[in-house]
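What the coordinates show
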Amino acid sequence: MNKIRSICVYCGSSPGRDEVYIKAGHLLGHSIAKAGVRLVYGGGTKGIMGAVADGARRAGGKVTGIIPRFLMNREATESALTKLDEVIVTDNMHERKHLMFEKSDAFVALPGGIGTVEEIVEIMTWAQLGHHRKPIVFANVKGFWDPMLTLLDHMKTEGFVHTSHLVQPLVVDQPEAVVSAIMVAAGADSTPTEGVQSVIDKM
Ligand code: AMP
């Protein structure tokens, strides 16, 4: 049975320098929608965030945007938000992050900046503490996350990752392979997915 009904995507509110990042956002949004899975994201209309939502909407997918009130006119306009089929406006960042966590069955980090890193690292820390076993994926577009993976490896080598068996993020190079990687990790499908490797296997 498919246990994955919603996937949270964390990604940049900027487009990045290479158009491959925006393209990856569209592809991921599209494939989430085509799998009949709901996209949960930060509600923004700019950068890669906007591309993921656009990709999902154009493919007829369901999209939940969760945005704190103070970011509403910075990261999304009210008229753009009306295009989503669910919008949740929170009082602050903490509430937003908590709701994004609760409403999602898996988490993906596309390329992004400091906000994206903060969000995906928090999800990994909660996994490390045993708060959840939901799949976590680094969508490693153009090797974007290689420095982060090197850092994780370094922390493990130096003896600072105490419960690595609880934190096993997947690394998927192709955005269109992300959803099937999540399905396999969640035990929903036994088909092996190409281009997927566990970070822990590399460690
Ligand atoms: P960025 O990767 O910096 O472009 O940010 C991507 C998303 O993360 C944006 O929607 C930001 O609102 C959000 N964000 C920025 N800073 C934080 C933070 N400290 N905690 C959680 N989310 C954040």
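The following refers to the structure shown. Given the structure is predicted, the values throughout are model-derived calculations rather than measurements. (Residues numbered from 1 in each chain as written. Predicted model: local features only at pLDDT ≥ 70, side-chain atom pairs only at ≥ 80, totals over all residues. Heavy atoms only, no water.)

Some details on the pairing of strand β6 (residues 136-139)
Residues I136 and F138 of β6 are buried on one face, and the alternating residues V137 and A139, pointing to the opposite face, are buried as well. Sheet topology note: the strand β5 (residues 106-109)/β6 ladder contains 3 bridges and is parallel. Bridge pairing in β6 places V108 opposite V137. Handedness of the β-α-β unit built from β5, helix α6 (residues 114-128) and β6 comes out right-handed. Assessed by its sense of winding, the connection that carries the chain from β6 through helix α7 (residues 146-157) to strand β7 (residues 170-172) is right-handed. (Buried < 20%, exposed > 50% of the residue type's maximum accessible area, 1.4 Å probe, protein only. Helix = DSSP H or I, 4+ residues; strand = E, 2+ residues; numbered from the N terminus. Pairing = 2+ DSSP bridges. Right-handed = clockwise from strand over helix to strand, strands pointing away.)

With respect to the nonpolar core
One finds I7, V9, L39, V108 and L110 to be the most contacted residues of the largest nonpolar core, which totals 40 residues. Each residue touching V9, except ones within four places of it in the same chain, is listed here: L28, I32, L39, V40, Y41, V52, V108 and L110. (Core = buried A, V, L, I, M, F, W, Y, C linked by side-chain atoms within 4.5 Å. Contact = heavy atoms within 4.5 Å.)

Regarding empty space enclosed by the protein
Per the counting criterion, the structure on display carries 1 cavity of 30 Å³ or more. In this structure, the largest cavity encloses a volume near 40 Å³. Lining the largest cavity are Y10, K97, F101, E119, E122, I123 and W126. When residues in the lining of the largest cavity are grouped by element, the largest group, 4 residues, is from α6. (1 Å grid on protein atoms, 1.4 Å probe; cavity = no way out; pocket = protein on both sides within 12 Å on 5 of 7 lines; lining within 4 Å. Points joined across faces, edges and corners; volume = space filled by probe spheres on them.)

Thoughts on the site of the ligand
Neighbouring residues of the ligand: 16 residues in total, closest S13, E75, G113, G115 and T116. Side-chain polar atom of S13 to an oxygen atom of the ligand: 2.7 Å apart, as the coordinates give it. In this structure, a nitrogen atom belonging to the ligand sits 3.0 Å away from a side-chain N or O atom of E118. Its free accessible area being 480 Å², the ligand has 78% of it covered by the protein chains. Going through the elements one at a time, α5 (93-102) and α6 are the ones with two or more residues in the shell around the ligand. The element best represented in the shell around the ligand is α6, accounting for 5 residues. Within the shell around the ligand, the residues separate by chemical class into 5 nonpolar, 6 polar and 5 charged. (Near = heavy atom within 4 Å. Polar contact = N/O pair within 3.5 Å; in protein donor to acceptor, adjacent residues only side chain to side chain. Areas by Shrake-Rupley, 256 points an atom, 1.4 Å probe, with all protein chains shown as cover. Nonpolar A, V, L, I, M, F, W, Y, C, P; charged D, E, K, R; others polar.)

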